[in-house]
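The residues making up each chain are set out below.
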Amino acid sequence: MTNLPPRLSTGISGLDAVLDGGLVPNRTYMVRGESGAGKTIVGYHFLTAGRENDEDVLFISFEESDADLRANAETLGFDLSEVPILDLGPSPEAFLDDEAYTMLSPGEVEGKSTANELREAIEEHDPDRVVIDPLSQLGRLSSDRYQFRRLVSSLLSYLKQSGATTLFTSQPSSGGTDETLAYLCDGSISLSRSDWGRSVRIEKFRGSDSQTGPHGMRIDGGHGMRVFPRLVPDSHHREFTIEPLSSGIDDLDALLGGGIERGSITLVSGPSGVGKSTTGAAFARATAERGERAAVYLFEESKRSFRHRSESIGIPIDDLIEAGGLRVDAVEPLSLSTDEFAQRVRAEVEANDTKFVLIDGTAGYQLSLTDERSDIRRELHALARYLKNMGVTVVLTEEVQQVTGAFHASDNHVSYLADNILFIRYIEVRGEIRKAVGVLKKRFGGFEPTLRSFEIGTDGITVGEPLDELRGILTGTPTWNEAE
């Protein structure tokens, strides 16, 4: 295997991982995307990382002035005071002065002047890193597509010969300049922005590997750009022992054949208000009480509401949160991509050795997280597989729409993820609404094939005796086995 030289960091959190360690030095890279996608910000990161590594850098701008670039960078937390900027943007005087074009075309005049300025700046600063923003503007200095290709090719070759690693930006145009630049570069990074949020994709990376995308991305003040690589479950593994874990409720454990196994996924399903979140909270509390850390991610309830409700029904969690054994995180709707959420969970698991994760609930996950992919259940699948590989016990809650009638374990088709399926449903007995709980599936062992009564009171969850005297419970309207 050929040994590649040490990689250059892009300076962007997560992007180096997507690029299998960073950029290969002394090559040319294109950052493409529509206006506002974040192309110039990539340049900020790239040059700032170079300065932090005591490298010589150069920013070549064809659009923004020196003052505007520095001011805009500062709003995102970048200090470009030590970054030399070559401003090749059109000046206000050029609008008034047309005498230079009386004998020669604008392209001929500007092209010669620009080439000289570029050469002089490169010779003066002898940069290790160069950003050209946007290189596609050289198209206005060329008479046709062929001349543009020659001009760009010679410039990039000159930069390589000078020992520089070059990053240039471009955006799609009707003139085909973007396609020409994509052909000439060694690597291409594509940025996109849509109603689903921001993402990045590596379209080309000559001589090296990279992670397939798209990958979630965020831009904000103080951090600039952050990339959240797609989760690859098979790349993560932790040794653990499969063993039954208690819910803290003896009768529920009996129904589950001793509890749920470490490293398993349990789906708790049922209609609204039946007790799914409360059951998940019981497992979380039992985990923390064993001295293992648990994390709860709420998609359909606020953190304050969850804590208050748990306290009021005899499953207090405030003490565990304060002691650091339990984390409760309410996910704000449409604030995160699936990749960013997965990164948040992964950081929790790997930094804190978290052993239990509750995702409450799956419908909220699909509605609250943004993603350009059509079926984000695949992302939930990847996250669940990752957690299993790490030996984390997972509980997913899912709301089914039907209160009574035909039985469904899942309305969102996620039951295939589960090693265990615990269902809770409403039943009508003599005009009174009651609840029943049962186990539909348990992959790692036996379970009690009966239905039991289920109640939530001020003392927490009570699982009663098997409902032997009733039949047709799964229809929601059971009948007595014997006439009274």
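Residues numbered from 1 in each chain as written. Predicted model: local features only at pLDDT ≥ 70, side-chain atom pairs only at ≥ 80, totals over all residues. Heavy atoms only, no water.

Undergrad: Is there a simple way to think about the sheet that holds strand β1 (residues 28-32) in this case?
TA: Strand pairing in a sheet takes place through backbone hydrogen bonds and is either antiparallel or parallel in direction. Reading across from one edge, β3-β2-β4-β5-β1-β6-β7-β8-β9 is the order of the 9 strands in this open sheet, with mixed pairing throughout. Lying at the two open borders of the sheet, with one neighbouring strand each, are β3 (85-87) and β9 (224-228). With direction set aside, neighbouring strand axes in the sheet form an average angle of 20°. Bridging between strand β2 (residues 57-61) and β3 involves 3 bridges; their strand directions are parallel. Across the sheet, Phe 59 pairs through a bridge with Ile 85, a residue of β3. Across the sheet, helix α3 (residues 66-75) touches β2 and β3, and the angle it forms with β3 is around 135°. (Pairing = 2+ DSSP bridges. Helix = DSSP H or I, 4+ residues; strand = E, 2+ residues; numbered from the N terminus. Axes fitted to C-alpha atoms, helices over the stretch in contact; angles between N-to-C directions. Contact = heavy atoms within 4.5 Å.)

Undergrad: Got a minute to help me understand helix α7 (residues 177-184) in this structure?
TA: Since the α-helix packs 3.6 residues into each turn, any two residues three or four apart lie on the same face. Across the 8 residues of α7, 6 count as buried, placing the element largely inside the fold. Among the residues making up α7, those that are buried are Thr 177, Asp 178, Thr 180, Leu 181, Ala 182 and Leu 184. The inward-facing, buried residues of α7 contact β1, α6 (145-161), β5 (165-170) and β7 (197-205). (Buried < 20%, exposed > 50% of the residue type's maximum accessible area, 1.4 Å probe, protein only.)

Undergrad: Explain the sheet that holds strand β15 (residues 356-360) to me, please; I cannot follow it from the model alone.
TA: Spatial strand order, β14-β13-β15-β16-β12-β17-β18-β19-β20: 9 strands in an open sheet with mixed pairing. Two strands bound the open sheet, and with one partner strand each, they are β14 (326-330) and β20 (460-466). Taken pair by pair, the neighbouring strands of this sheet meet at an average axis angle of 20°, ignoring direction. Sheet topology places strand β12 (residues 265-270) next to strand β17 (residues 420-429); 4 bridges connect them, and they run parallel. When the bridges of β17 are listed, Thr 266 appears paired with Asn 420. Each of β13 (294-298), β14 and β15 touches helix α12 (residues 338-352); the most contacted strand, β13, lies at about 165° to it.

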